[in-house]
Structure formats: structure tokens, C-alpha cells
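Remarks on the overall topology
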Amino acid sequence: MKDSVWLVTGAGSGVGRTLAVALASSGAEVILAARTRQALEDTAAWCGERALVAEVDLADPSSVDSLAAVVRQRLAGRPLAGILHAAGVMLWDSAATPSGWSRVPLVNAVSPWRLTLALEPSLLAAPGARVLFVAGAAFTLNGVRPHLEYWKGAQNGKGMTLALEAAAAKVLMVRSLHRRWLGRASAFAFHPGFVKSSLADGLPLPLSFLGCVAQPFLSARCANGEFLALDAGAGVLSGQMVQNRRAVPNCPFPPDQAAETAWLNELETLL
Ligand SMILES: NC(=O)c1ccc[n+]([C@@H]2O[C@H](COP(=O)([O-])OP(=O)(O)OC[C@H]3O[C@@H](n4cnc5c(N)ncnc54)[C@H](OP(=O)(O)O)[C@@H]3O)[C@@H](O)[C@H]2O)c1
């Protein structure tokens, strides 16, 4: 990690903040991105003086492109060792507008994809670069397929569905990046366990109750999730889904390369 440069989105709180501090404490220079400057400054205070704060709204494609430019400027020709995509939203308000709902896939999946492609040359210049998508248990569910008609706002896909689909989309992205990079860099989707955060606090009562009941059993796994980005073993798991530090062999989709490529091509029309 020493002297490597990492971009962490969602670094102002929760999973992103935890992982950013862990990366920095192992010697990485971190670029901390989210919307709220004060929260990022607070994370930066834990990360040391080399941490850079970069405001971004992942719901706005032009803001995503500006972030990529800021990262390139900071790198000044150096390679980018990795991106940790930890920004995420979940909406529960049934009164939200379709354009409100469409923020979920945009922030959770479409913009991370856009950002990864924009920074791809800097990633491929680094030996063994890694891109990590914080997904969730959802990505292990069979049969969750992202419906782009919801994502485009043409139909009103609701919060949980959209968030599940975004997690599933991250698996498609990981597979696609794995095929695209052919070992020159690697990608992971992982489940951090149940982490107490503003997002988790906003869960509807039955889900948060389940989370609280499960917490004592999951806390060790959360620690593992936090540790994952630093774990030498993670390199061995290159390009595979990771859950609780183990590669998960049962993919939620049959490995249908043609269908996945078609889906991602359609996704790129949203970029
Ligand atoms: N907590 C869990 O138990 C758990 C379990 C499984 C998966 N996950 C996943 O982990 C990810 C992070 O969740 P968390 O629990 O750490 O939640 P969190 O504490 O609410 O953190 C979310 C982060 O994303 C940022 N963000 C939200 N909207 C954004 C936008 N439009 N542009 C840029 N940044 C934005 C937030 O900062 P700003 O609001 O300042 O922008 C914040 O830093 C999510 O994708 C979530 O689904 C969490």
C-alpha cells in the first residue's frame, strides 16, 4: 500500500470512511469523494495530511467527469492503485418521483461504472490495480436481474428493488472488467456485513430489526469486510465475488458472456 494512490467514494461515512482510514493507515495516499465536504474533512483528519478531499455528486454525470479530472490532476502521471466504490443510497419514500428513484442505480452502479472507465488508463498503469465495489448480500441472490426500464425511470422501480439490482449490476461489472482487463488489473464485489451507518439506520423497521438481531453474529464478518481491501489474500481472489473473505462460487447469473455484454452495452447508453 505504501505510496500507492487510492480513490474512495462514499468516504464521508460508513463503509467508505472505515476503508479509507484503513487504506491510509497502511501508507496509501487517499482521495476522498462524496457530496458533503465537512464529512470528508473529518475523514481526512483521520487519514493524514496527504489525503485529498474531492466533492462529487454521483447523480450528476458531469460531476463524475470532474472528479475523474481531479484524480488525474492529483496523480500527475502516477498510476492509480485502486478505486473503492463505497458510495451508495437507498430510498424508501414511496412518494419519491421517478427521477428521485433513478438516483439509486445512478449513484450505486451507473456512475461507478463511468468513473472506472474514465480512470482506466491510470489503473492499468499500476501493477496489480484493484477496483472494489461494495455490494451487499443481494448479489448472492439468484434471479435478481437489473431491469434497465426501471433504471431509465420509464417504470417506477422501488427503492429496495433498485438497490438489489444495483448490487447485482456490480457483479456484472466485475465480471466484465475481469474479461476486459485479462489480469492486468482486478475487480471485486464484496459484502461488508451489517455495518451501522446512516444508510443502515434508514432501513425500514423489520429490516433494521433483523440487522440488529444479526449484528452480534455479523460483527466479526464486518471486521473482515473492513480488512478485505488490505488483505493479501484478496489478490488471490482476483476477479471473483468475495463474501466474508471467501470467493463465492455460486454466481447469481449463469456465466452468459453474450447476455452480460449486451446488458453492459445498453447500460453504456445511460452514461
Ligand atoms: N451498512 C451496511 O450494513 C451495508 C451492508 C451491505 C452493503 N452496504 C452498501 O455499502 C455502501 C455504503 O453504505 P454505508 O452503509 O456506508 O452508507 P452511508 O454511511 O450512508 O455512506 C454512504 C456514502 O455515500 C455518499 N453518497 C451518497 N449519495 C451520494 C452521491 N449522490 N454522490 C456521491 N456520494 C454520495 C455519502 O456521502 P454524502 O451524502 O455526503 O454524499 C456517504 O459518504 C452502499 O452501497 C450500501 O448499499 C452497506
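As a reminder, the structure under discussion sits directly above these lines.
What comes next is a walk through the structure. (Residues numbered from 1 in each chain as written. Predicted model: local features only at pLDDT ≥ 70, side-chain atom pairs only at ≥ 80, totals over all residues. Heavy atoms only, no water.)

1. Some points on the side chain of S63
Applied cut-off: What counts as a helix is a DSSP run of H or I of at least four residues, what counts as a strand is a run of E of at least two, and both are numbered from the N terminus. Here the term buried applies to any residue with accessible area under 20% of the maximum for its type, exposed to any over 50%, and partly exposed to those in between, with areas from a 1.4 Å probe on protein chains only. Whether two residues touch is decided by their heavy atoms; if any such pair falls within 4.5 Å, the residues are in contact.
The residue S63 is located in helix α3 (residues 61–75) in this model. For S63, a relative accessible area of 14% corresponds to the buried category. Apart from residues lying up to four places away in sequence, S63 is in contact with V56 and D57.

2. Here's the deal with the packing of helix α1 (residues 14–25) against helix α2 (residues 37–47)
Put simply, the test is: Only the contacting stretch of a helix is used when fitting its axis, a line to C-alpha atoms as for every element, and angles between N-to-C directions run 0 to 180 degrees. In this scheme, roughly parallel covers angles under 35 degrees and roughly antiparallel covers those over 145, while 65 to 115 is roughly perpendicular and the rest are oblique. Less than a right angle of anticlockwise turn of the near helix away from the far helix marks a crossing as left-handed, whereas a clockwise turn marks it as right-handed. Lys, Arg, Asp and Glu make up the charged group, whereas Ala, Val, Leu, Ile, Met, Phe, Trp, Tyr, Cys and Pro make up the nonpolar group; the residues left over, Gly among them, are polar.
α2 packs onto α1 with a crossing angle of 30° between their chain directions and a minimal axis gap of 9 Å. In terms of axis orientation, α1 runs roughly parallel to α2. Relative to α2, the crossing made by α1 is right-handed. Two secondary-structure elements touch here, α1 through R17, A20, V21 and A24 and α2 through A39, D42, T43, W46 and C47. Taken together, the residues of the contact of α1 with α2 break down into six nonpolar, one polar and two charged.

3. A short note on the pairing of strand β5 (residues 129–134)
Defined as follows: Two strands are counted as paired when DSSP detects at least two bridges linking them.
The buried count for β5 comes to six of six residues, which makes it a mostly enclosed element. What you see with β5 is no split at all: A129, V131 and F133 on one side and R130, L132 and V134 on the other are buried throughout. Bridge analysis of strand β4 (residues 82–85) against β5 gives four bridges, and the strand direction is parallel. Bridging from a neighbouring strand, G82 pairs with R130 of β5.

4. Focus: helix α5 (residues 103–118)
Condition: Each residue is assigned a bend, namely the angle between axes fitted to the seven residues that terminate at it and the seven residues that start at it.
The largest bend in α5 amounts to roughly 35° and is located at V110, with the proline P112 lying one to four residues further along. Within α5, 14 of the 16 residues are buried, which leaves the element mostly enclosed by the surrounding structure.

5. What about the nonpolar core?
What counts is decided by this rule: Buried Ala, Val, Leu, Ile, Met, Phe, Trp, Tyr and Cys residues form a nonpolar core when they are joined through side-chain atoms within 4.5 Å.
In this structure, L7, L67, V71, L80 and L119 are the most contacted members of the largest nonpolar core, which totals 44 residues. Among the secondary structure elements, those contributing two or more residues to this core are β1 (5–9), β2 (29–34), α3, α5, β5, α8 (159–181) and β6 (185–191). Considering every element that reaches this core, the biggest residue donor is α8, with ten residues. Residues in contact with L67, not counting those within four places in the same chain, are L7, A33, A54, V56 and L115. W6, A11, L32 and L84 belong to the second largest nonpolar core, which has 23 residues in total.

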